[in-house]
Amino acid sequence: MLKSVADILVLTMVAGNVPATEVPAEYETTPIISENTTTEQQQEEPFIIIEEPMTELVPAEPIEEQKPKEINFDYDIASYTTKYTGADSNNRNYNMHLASDSINGIILQPGDSFSYNDVILKNSHNGKDYKAAGIYSNGKAATGIGGGICQISSTLYQAALYSGMTITERRNHSLKVGYMPSGRDATASWGSIDFKFRNDLDVPVKIESVMKNGTIKVRFLAPENPNIGNIKIDVIYQADGTYVLKRTRADGKVDYTATSRYGN
């Protein structure tokens, strides 16, 4: 009995009846074919490599920069108004316009301090934009650069008082002024005399200063009601010629006083 394909090949070569390169049909190896694939398909279909499609790299969208939330200063804490005369083109009124525009729009966060001289100098090329006009100097009327700026500082002083600001520096004029009741003015002279205050409220405040049609109006605005209550300002004249200003809070407490003395 033939035991293997090798035995058949040896026999065939000896007999010479069958080419040595062929194997009888009954000894052919049967191909393994899947149930869903025919022999013809295996022979005809090429070997196909299926590649996964490359994932397109989409650039990440830029993160939109978050802008600071805009604060609306809609609540009117307090305001004060004074009047002026003459054409806006004269030197005094020109100086007042320049000072008024300088403080207009200033925002003070809680704890921030305000210096009148610093603000008006910063916005006038260190004072060079101001013109010569009438001033008071050592108890006498004179002419000097920046005449008129004290009406803006005095109007600001009163608005700051009624808005609950903490007054840290203030001085009266050497002579009484016509645009403000005695004891309520605040003079300024860069390099020597300044008007300063601090915002000790729990909310930011915005200063608005508008000068037109013979009127200067300074307002303090806030995003919400700071609940400072009703503030009362009294000026008492004493026998020695001193004017004493007192600020009284809603609870009856006097939290600020200022004295003024004027020359003849």
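Residues numbered from 1 in each chain as written. Predicted model: local features only at pLDDT ≥ 70, side-chain atom pairs only at ≥ 80, totals over all residues. Heavy atoms only, no water.

Undergrad: Go over helix 5 (residues 149–162), please, and point to the residues and values.
TA: In this model helix 5 runs 21 Å from its N-terminal to its C-terminal C-alpha over 14 residues, within 8% of the 20 Å that 1.5 Å per residue would give. Summarising burial for helix 5: 13 of the 14 residues are buried, a large majority. One or two residues past the end of helix 5 sits glycine 164, with phi positive at roughly 80 degrees. (Helix = DSSP H or I, 4+ residues; strand = E, 2+ residues; numbered from the N terminus. Expected span 1.5 Å × (residues − 1). Buried < 20%, exposed > 50% of the residue type's maximum accessible area, 1.4 Å probe, protein only.)

Undergrad: Tell me about the sheet that holds strand 10 (residues 232–237), and please be specific about residues and values.
TA: Judged by pairing direction, the sheet is antiparallel, and its 3 strands sit side by side in the order 10-11-12 without closing on themselves. Edge positions in the sheet fall to strand 10 and strand 12 (254–260), since each has one partner strand and no second. Between one strand and the next, the sheet's axes are offset by a mean angle of 20 degrees, whatever the strand orientation. As judged from the 6 bridges shared by strand 10 and strand 11 (residues 243–248), these two strands associate in the antiparallel manner. Pairing of tyrosine 237 across the sheet is with tyrosine 243, part of strand 11. In this fold helix 5 packs onto strand 10, strand 11 and strand 12, with an angle of close to 35 degrees to the strand it touches most, strand 11. (Pairing = 2+ DSSP bridges. Axes fitted to C-alpha atoms, helices over the stretch in contact; angles between N-to-C directions. Contact = heavy atoms within 4.5 Å.)

Undergrad: Residues and numbers for helix 3 (residues 91–103), please.
TA: Over its 13 residues, helix 3 extends 19 Å from the first C-alpha to the last, a length consistent with the 18 Å expected when each residue adds 1.5 Å. Those residues of helix 3 that fall on the buried side of the exposure criterion are Asn93, Asn95, Met96, His97, Leu98, Ala99, Ser100, Ser102 and Ile103. Once helix 3 ends, the next one or two residues include glycine 105, with phi positive near 95 degrees.

Undergrad: Quick rundown of the pairing of strand 5 (residues 140–145)? Include the residues and the values.
TA: Here strand 4 (residues 132–137) pairs with strand 5 via 6 bridges, running antiparallel. Residue pairing for strand 5: tyrosine 136 is matched across the bridge by alanine 141. The loop that links strand 4 with its antiparallel partner strand 5 comprises 2 residues; one of these, asparagine 138, has a positive phi angle of about 55 degrees.

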